[in-house]
Each structure stands twice: as structure tokens, then as C-alpha cells.
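Observations on chain architecture
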Amino acid sequence: MMAEAGADGPRLAELLALGRRLWDELEASTEPSSGAVAVQEKVRQGLDALQQAAAMVAQLELFSENEELEEIASADLKFMLLPALQGALTLKQVDLSRRREHLESAREHFLHFLKLCKNYGLGSFQLPSSTSDEKEAGSPSAPQEPAQPNLVAMAMSRTAKIERYKQKKELENKLASISSSVESGTADEDQIREFYILQIQKWIGTSLEEIESIDQELVILRSRDAARQGSAGPRGPSRSARALMKPFILTRDAAQARVFGAGYPGLPTMTVDDWYEQRRRQGIDSQQGFGEPGSPPCSSPPVGASDEELQKQQKETEEEKDDEEALRKARDWDDWKDTHPRGYGNRHNMG
């Protein structure tokens, strides 16, 4: 069936021509940024035209899995490029918030084009895996051991890239020699058919390269999304939800509170008695790991204590005094070091 027969034919050809022209302009554009308004407007117009053309091709059923390449009219061969052009223009979109969506959409277009070419025997190549296969292989829910580098596969991939590059150069040279006669309208049926087949074969190489690049970027994006989901998983109660308690220094008595408080003006001090009283006012039961309710602080022996208890209290007081003296010396030493450089007063072994 010829696409240009009937009222729909010219309209379909015009849509394809518009999408192709906009693609060529974008490729030759000198705009400093692909995110420029004018650039993105051309991308949108081109995608709209190609989408309408693709819908018309599907309605006309131009291509079928049950026919051979020879059964397709020469004038209809150019419409096989529609999905490849759609994929190329989709990659021109620069919305970062939808980058993964655009990559997957472009990949589907390129894969559709490659399957169409494979069905008609255009070129010898291996079809890439589908998007669903890629998702299953890279799914974070099914972690896999890091694969060892397959040197044979890497060598084959490099060889395939070199071969595709050579074929691309040969196709470009052939297209250059035929395009002038096709565009001028002087080409015969065989030249027109060869021209479109060469274009299709050139886009086969481009599609394979684009899918390879897309797959590499998708791996990075999926890993990033999986890391974000993991970091946003269930956690414990937030800091604000927990009861906050201001830090303080707990001392045995008021004397020790004055000593510690003098060196830490920004940090309040509190004796054991004050701490128990504060907890009593807050309605906290002192039996929760803090002794019997109403029991006196451990630093003050009860009235009528024995000689042994009094001696113990006296020993604690002496230790506190020793602590105060050691603290004072340490502070004096810190003050001295602040005003005297290292090695001050050392005159040994100096000439």
C-alpha cells in the first residue's frame, strides 16, 4: 500500500518532512544551550509532527510482520524512520525532573525501529534487551554479586563499534553520491529505493549507539533513585519528637557546684538534692532506678550516723578539696600556656 495515495498521503509526507527538517536544524544549531526556549520549541514541534505521522502509519498499516522488504513501495520506505527520529528528538528534551522518563521513552522508540528493521532483514545486528529486562537486571531488590569483567565480551563490543563506524562512513559516502539526484527529482526508482534503505541502515547504527548510552545513564539514575529511597526509609523518632533535656553538671553538694560552675559559665550546675527536687516537681517517680523515694542524697549521711560513716564523709570532703586543688592548678597551667609560647625559657644547648 502506498502511503501517498489518497487524501492522507500528502499530509503524512508533510509531517515526516517537518519532523526531519526540525531534527536537521537542531543538529546544525549554534545555540549555546540546548535548554534555550527556541531550541525546546523546535523539539516540541518536531515531536508533535512525528507523533501524528506515527499514528497515521499505524492506521494505514503500512508495515506488517507478514510481508517482505520487496513488498514495501519505495516511497513508503522513508516512513520506517519515524520511530528512530522520535527517539532522537525525545533525547533533546532537557527537563531534568523527567530525565529518566525521557530516556526510557527514547529507548522504546529506538528499539521499535530496530525490531522493524530486523523483521524486514535490514542489516545484521543483535537486538538489545527490552526495558523490562534491564529493570529486572538492575533492580535494587535483587542485589547481585559484582560481575567480573568479561574480556571476550569487551573485545567483541569494541570490534562491533569499530565495524559500525566503518559502515557509517561508507553509508555516508554512498548517501552523498545519491542524495543530489533524489532531491532534484532526477533519480529513478532503484536509486530512490537504495537511498531510503541506506538512510535506514545509517539510523540502525545510530540507534544501537544511542541505546548503549541510554542504558549506561539509566543505571546511574536507578542507583541514585534507589539510594534516595533507602535514605528516606523508616527511621526512629525525630529529634524534635524526643523529649529534650538541657545539659548540666551533677555535683555532690553546693561547694562542688560553685567550683565546677566557675569554669563553665555556659553550663549550669546542679546538686544531687536540687536534681531530686526538680524531678519531684516534674512528677517523675524517683524509684525508676534512682533509689527509694524520699531517701537522702548519698553525699549527706543521715542524722545519727556512726563513726565509720562520719569518717567516710570526712574522707570524701578531703578528696573534694584535693580535687579542687588539682583543678585550680590545671586552670593556672592552661592560663600560663595561653600567654607563653612553646619552649619559652628553654636556654639549654643554645650558643
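Residues numbered from 1 in each chain as written. Predicted model: local features only at pLDDT ≥ 70, side-chain atom pairs only at ≥ 80, totals over all residues. Heavy atoms only, no water.

The name that an unreviewed UniProt entry assigns to the chain is IGBP1 protein, with the source organism given as Sylvietta virens. The Sequence similarities (unreviewed entry) comment attached to the chain in UniProt states, word for word, "Belongs to the IGBP1/TAP42 family." (UniProt positions renumbered as here; feature names shortened; annotations may be inferred.)

Ranked by size, the top nonpolar core spans 55 residues in total, and within it Phe63, Phe79, Met80, Phe113, Leu122 and Ile204 carry the most contacts. When residues of this core are traced back to their parent elements, those giving at least two are helix 1 (8-27), helix 2 (37-60), helix 3 (82-90), helix 4 (99-119), helix 6 (151-184) and helix 7 (189-231). Element by element, the count of residues in this core is highest for helix 7, at twelve residues. What Met80 contacts, discounting residues up to four positions off in sequence, is Phe63, Ile72, Phe113, Leu116, Cys117, Tyr120, Leu122 and Ile200. (Core = buried A, V, L, I, M, F, W, Y, C linked by side-chain atoms within 4.5 Å. Buried < 20%, exposed > 50% of the residue type's maximum accessible area, 1.4 Å probe, protein only. Helix = DSSP H or I, 4+ residues; strand = E, 2+ residues; numbered from the N terminus. Contact = heavy atoms within 4.5 Å.)

Applying the stated criterion across every chain, the model contains three aromatic pairs. Both rings, one in Trp23 and one in Trp203, keep their centres 5.8 Å apart while their planes meet at 55 degrees; by these two values the pair is tilted. Here the residue Trp23 occupies a position in helix 1, and Trp203 occupies one in helix 7, the gap between them amounting to 180 residues. Pair check on accessibility: Trp23 and Trp203 agree, each one buried. In this arrangement the basic side chain of Lys118 is found over the ring face of Phe125, its NZ or CZ atom lying 4.9 Å from the centre. (Phe/Tyr/Trp six-rings, centres within 6.5 Å; stacked < 30°, edge-to-face > 60°. Lys NZ or Arg CZ within 6 Å of the ring centre and 35° of its normal.)

So, about the environment of Val43. The residue Val43 is located in helix 2 in this model. Placed 50 residues apart in sequence, Val43 and Gln93 show a C-alpha to C-alpha distance of 7.1 Å. With residues up to four places along the chain from it excluded, the contact list for Val43 reads Leu26, Leu89, Lys92 and Gln93.

With respect to the helices, strands and loops of the structure, His102 is situated in helix 4. In this view, His102 contacts Thr90, Gln93 and Asp95; residues no more than four positions away in its chain are not counted.

On to unusual backbone geometry. We note that Glu61 has phi near 55 degrees; this positive angle belongs to a residue other than glycine. You can see Glu61 is positioned in the loop between helix 2 and helix 3. Relative accessible area serves as the criterion here: at 62%, Glu61 is assigned to the exposed category.

Okay, the pattern of salt bridges next. Within this structure, the stated rule accounts for 15 salt bridges. With a shortest N-O distance of 3.3 Å, Arg100 and Glu104 are connected by a salt bridge. Residue Arg100 and its partner Glu104 are both found in helix 4; the two are separated by four residues, about one turn of the helix. Taking the shortest distance from any N to any O, the salt bridge between Asp225 and Arg100 comes out at 3.0 Å. Separated by 125 residues along the polypeptide, Asp225 in helix 7 and Arg100 in helix 4 bring together distant segments of the chain. Owing to a relative accessible area of 19%, Asp225 belongs among the buried residues under this scheme. On the accessibility criterion, Arg100 (28% relative accessible area) is partly exposed. One salt-bridge network, in which partners are shared between bridges, spans Arg100, Glu104, Arg222, Arg224 and Asp225. (Salt bridge = Lys/Arg side-chain N within 4 Å of Asp/Glu carboxyl O.)

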